[in-house]
Amino acid sequence: MAEQAILSARDLDFFYGAAQALRHITLDIPAGRVTALIGPSGCGKSTFLRTINRMNDLVPGTRMAGSLTFQGQEIYAPGLDVTALRRRVGMVFQKPNPFPMSIYDNVAYGPRTHGERRRARLDELVETSLRAAAIWEEVRDRLKKSALGLSGGQQQRLCIARALAVEPEVLLMDEATSALDPISTARIEDLIGSLKERYTIVMVTHNMQQALRVSDRTAFFLSGELVEFSPTERLFSMPRDQRTEDYITGRFG
Amino acid sequence: MRNRFDQQLETLHQELMAMGAMCQEAIAAAAAALLDREPAMAEIAITREVEIDRQEREIESLCMALLLRQQPVARDLRAVSSALKMIGDMERIGDQAADIAEISRHLGSGCPLPGQIHIRDMAQAAARMVDGSVEAFIKKDLQAAQDVIQYDDVVDELFLRVKEELTELIRRDAAGAGEALDLLMAAKYLERIGDHAVNLAERVAYSITGKVRAQSAPGESAYDLLC
């Protein structure tokens, strides 16, 4: 099966004021795969992740050049409906950020925002999302309880369920397990493996072993440039670029 | 930033060099036992074989600790995986040297045989290949590894020559046939040691380039071990 690109960057530049955070990024992210973005702090990997659902719009003074398309549509086209984009491109953050409301309402929040009012449909979305996020069994008897009473790992899976409830096509994960213990991390890594059948996942991680465990492809960023983008096993066994080799073997700097 | 890791890799190199040296000693002792009829040399070869086995386990646990604790990637991963394969071949080399030493015990203390000269050359060539492989690994010298692979032809030619010499010997003096066959087996063990040294050199090449040579089809181009 040929891999189809769902997201394509062509000569993408991104600036925070005068500072250039991304330089001529060109890459195709395949649909239905897990793509890991790695690189040292400040390399541009998170900036790139945040261009995909325009989270950087919230930062004043940002500017982009080049092209970034999602299913062939320019993400930065003038007049693009950013809310609709973010429904199709969900995001999970480093720290679990459940809303101070019930577990049910957390998951139903997105669909309600997008106009879903039918109770039966909401019930169904809540259950399928919680099941997909592998947390249903743990919370099915306490859906009306506050989400803040869950453990960190459960909260993060709840946040994944919340992201899935609006039925996105792409899930962005920004160091989504870095605040979790190893067992919660393993659960989420398993979850990523099962989600990729239906979603395209793009994840930023500082944990190279995690990139090795879960991703199909890995992109290595350095100083705002994309140095190498290869199948994960290839990148970690025989990197093409000396800078990649130096970074992953800890010889960098 | 990775001092401890580099120290551990350095230890791995030293232990591999030590194992390579043990193999060379075992080969030299076995050849001396066979050709000079020195029983003490047979004992040395057999003792070395036991030490080589112990060294294999030592290096294996060192590699396991490196994999577990450092989770190496890229050339570091290839170095450790190559080391794990290489110690298996060196262990076999030790076994074959001990087998030669065992043969020497069966031989009487009669006068030296004409074929012995080229068996000695074979032993020297095989030991040289083992040394060359380990040194190529430590120096990450691809050319040196390829030289070892080429040098196997010398060992193979010497083996054919020894075979002819022993055939001629049997033709002239059927009474010496038993001894000649023992010597032929010893020569075959040396030829096998050369093959193991080729395996060592191929692993060295892999650790440097990430490519292994296709075994089944010699003309085929190298392929990647992963992906």
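Structural notes on the overall build of chain B
1) Next: Each helix and strand counted, chain B has six helices and two strands in total.
2) Next: In chain B, the succession of α and β elements from N to C terminus is α-α-α-α-α-α-β-β.
3) Next: In chain B, of all internal contacts separated by at least 6 residues, the share reaching a separation of at least 24 is 79%.
4) Next: Accessible surface, chain B as shown: approximately 11,000 Å² in total, 52% of it carbon and sulfur.

Digging into the interface of chain A and chain B
1) Next: Across the contact, 16 residues belong to chain A and 15 residues belong to chain B.
2) Next: For the pair chain A and chain B, the two sides together bury roughly 1,400 Å², of which 51% comes from carbon and sulfur.
3) Next: Summed over the three residues of chain A that lose the most area to chain B, namely S237(A), M238(A) and R251(A), the buried surface amounts to 38% of that side.
4) Next: Across the contact surface, chain A and chain B share three salt bridges.
5) Next: The shortest N-O distance in the salt bridge between E245(A) and R75(B) comes to 2.7 Å.
6) Next: Summed over the shared surface of chain A and chain B, the result is five residue pairs in polar contact (both at pLDDT 80 or more).
7) Next: Counting residues per element, the ones that place at least two in the side of chain A that touches chain B are α8 (208-214), α9 (232-237) and α10 (242-248) of chain A.

Notes on the pairing of strand β3 (residues 34-38) of chain A
All names here are of chain A.
1) Next: With five of its five residues buried, β3 lies for the most part within the structure.
2) Next: A two-sided burial pattern is seen for β3, the buried positions comprising V34, A36 and I38 on one face and T35 and L37 on the other.
3) Next: Pairing analysis gives four bridges linking β3 to strand β8 (residues 200-204), with the strands arranged parallel. Residue A36 lies in a different strand from β8, and its bridge partner there is M203.
4) Next: Here four bridges tie β3 to strand β9 (residues 217-222), and the two strands are oriented parallel to one another. Across the sheet, residue T35 finds its bridge partner in β9, namely R217.

A closer look at the packing of helix α3 (residues 103-113) of chain A against helix α4 (residues 119-132) of chain A
How two helices sit against one another is set out by the angle between their axes and by the gap between those axes.
Residue and element names in this part refer to chain A.
1) Next: Following both chains from N to C, one finds α3 and α4 inclined at 115°, their axes separated by 9 Å at the closest point. In terms of orientation, α3 lies roughly perpendicular with respect to α4. Both α3 and α4 take part in a crossing whose hand is right-handed. Residues I103, Y104, V107, A108, P111 and R112 of α3 form the contact with α4, whose own contacting residues are R119, L122, D123, L125, V126, S129 and L130.

Reading the values: rules and limits
- Residues numbered from 1 in each chain as written.
- Chains lettered and ligands numbered in written order.
- Predicted model: local features only at pLDDT ≥ 70, side-chain atom pairs only at ≥ 80, totals over all residues.
- Heavy atoms only, no water.
- Helix = DSSP H or I, 4+ residues; strand = E, 2+ residues; numbered from the N terminus.
- Contact = heavy atoms within 4.5 Å.
- Areas by Shrake-Rupley, 256 points an atom, 1.4 Å probe, with all protein chains shown as cover.
- Buried area = accessible area lost by both parts, 1.4 Å probe.
- Salt bridge = Lys/Arg side-chain N within 4 Å of Asp/Glu carboxyl O.
- Polar contact = N/O pair within 3.5 Å; in protein donor to acceptor, adjacent residues only side chain to side chain.
- Buried < 20%, exposed > 50% of the residue type's maximum accessible area, 1.4 Å probe, protein only.
- Pairing = 2+ DSSP bridges.
- Axes fitted to C-alpha atoms, helices over the stretch in contact; angles between N-to-C directions.
- Parallel < 35°, antiparallel > 145°, perpendicular 65-115°, else oblique.
- Left-handed = near helix turned anticlockwise from the far one by under 90°.

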